[in-house]
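Residue-level listing of the chains:
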Amino acid sequence: MTENQPTATPHGTNFVGAPPSDQLALTGERTVPGIPAENYWFRRHEVAYEYILDAVADRDVLEAGSGEGYGASMLAARAKTVTCVDYDEQAVAHTSRVYPELTVQQGNLIDLPLADGSVDVVVNFQVIEHLWDQSAFVAECHRVLRPGGFLLMSTPNRVTFSPGRDTPLNPFHTRELNAAELTELLAEVPGTTGFDVTGMAGVYHGTSLEALDAKWGGSIIDAQIERALAGDPWPDELTADVAAVTTADFAIRSAKKADIDASLDLLAVAVRRPDPAD
């Protein structure tokens, strides 16, 4: 990666977010910390935030689609400022209450309540697949970013998340993307100069999770999903294995060094192209 782009940071945090008494409800549309049976998905999200900590240092950051707020809180430890925008009023109220270090606003992501050129970095993790008008949102990111600013976006890899399907498995997803489709979405933004995609990486299972895949019949993900869909109780051993997952159990690898189509999630680094007047 080039200078001032995201670099990996030490993994293995024990971040747990809000106490159980002030926990945001788990709806299936977002992940939240502090729930043992949800821990695999939470850590898989959390590792992307760890990965970009260096990129947001001393910068004005917008997290568009901030959900529970745990990720923005992590970024706030390094960033100059962090502003959160989320459409869900309950999530906004929760984030404002639990994470007072953040500036939180309720708003539509295709009509961001920020001024032109007001932030250095836009973070959009595990959100783009939920949006109906993805191009309009990316255009809004372009508008609020300063020239040369970064858009950091993660999303489930369609190839592995909904294999062989024309429609997403997750009922909350409108359109999932592979690496080529994500690159095209960011590069060609109607009404703007678009973005240069300067980095594409993927989230993969590391050695310990590969061992758990083997232990649970080939996939610890499928072991969780199958029981959830069937309404079956989890065996204590599966609950313990899922609850013990940390961010250190995942690996983030550049598309230059790994098969990006085999990744679980995609992580794109895009730089705002300057407008003619910039």
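Structure shown above.
Residues numbered from 1 in each chain as written. Predicted model: local features only at pLDDT ≥ 70, side-chain atom pairs only at ≥ 80, totals over all residues. Heavy atoms only, no water.

Asker: Break down the overall build of the protein for me, with residues and values.
Answerer: A tally of regular secondary structure across the protein gives 10 helices and eight strands. Within the span of the protein, comprising 278 residues, buried residues form 52% of the whole. Sequence-distant contacts in the protein: of pairs separated by 6 or more residues, those separated by 24 or more amount to 70%. For the protein, the accessible surface area stands at approximately 12,300 Å², while carbon and sulfur atoms represent 52% of it. (Helix = DSSP H or I, 4+ residues; strand = E, 2+ residues; numbered from the N terminus. Buried < 20%, exposed > 50% of the residue type's maximum accessible area, 1.4 Å probe, protein only. Contact = heavy atoms within 4.5 Å. Areas by Shrake-Rupley, 256 points an atom, 1.4 Å probe, with all protein chains shown as cover.)

Asker: Please provide a residue-by-residue account of the environment of arginine 272, values included.
Answerer: Within the secondary structure layout, arginine 272 lies in strand β8 (residues 265-272). Owing to a relative accessible area of 6%, arginine 272 belongs among the buried residues under this scheme. Sequence-wise, arginine 272 and arginine 146 are 126 residues apart; in three dimensions their C-alpha atoms are separated by 7.8 Å. One polar contact links the side chain of arginine 272 to the main-chain carbonyl oxygen of histidine 142, over a distance of 2.8 Å. (Polar contact = N/O pair within 3.5 Å; in protein donor to acceptor, adjacent residues only side chain to side chain.)

Asker: Report on the nonpolar core, specifying residues and quantitative values.
Answerer: Among the nonpolar cores identified, the biggest contains 46 residues, and Tyr40, Leu75, Val123 and Leu152 are the most heavily contacted of them. Counting residues per element, this core draws most heavily on helix α1 (residues 39-51), which supplies seven residues. Beyond its immediate stretch of four places on either side in the chain, leucine 75 contacts Tyr49, Ile52, Leu53, Val56, Val61, Val82 and Val123. Among the nonpolar cores identified, the runner-up in size contains 32 residues, and Phe137, Leu145, Phe195 and Ala270 belong to it. (Core = buried A, V, L, I, M, F, W, Y, C linked by side-chain atoms within 4.5 Å.)

Asker: Which residues make up the environment of alanine 91, and what values do they have?
Answerer: By the secondary structure assignment, alanine 91 is in helix α4 (residues 89-98). Since its relative accessible area comes to 0%, alanine 91 is described here as buried. For the pair alanine 91 and serine 66, spaced 25 residues apart in sequence, the C-alpha separation works out to 8.3 Å.

Asker: Give a description of the sheet that holds strand β6 (residues 195-205) that names residues and reports values.
Answerer: Taken together, eight strands build an open sheet; the order of strands is β3-β2-β1-β4-β5-β8-β6-β7 and the sheet is mixed. The open sheet is flanked by β3 (103-106) and β7 (250-254), the only strands paired with a single partner. Going across the sheet, the axis of each strand differs from the next one's by a mean of 20°, ignoring polarity. Summarising the sheet, strand β5 (residues 145-156) and β8 pair through seven bridges and their orientation is antiparallel. When the sheet's bridge partners are listed, serine 154 is paired in β8 with leucine 267. Against the sheet, helix α5 (residues 134-144) touches β1 (60-64), β4 (119-125), β5, β6 and β8, its axis set at about 145° to β5. Relative to the sheet, helix α7 (residues 179-187) contacts β5, β6 and β8, its axis offset from that of β6 by approximately 150°. (Pairing = 2+ DSSP bridges. Axes fitted to C-alpha atoms, helices over the stretch in contact; angles between N-to-C directions.)

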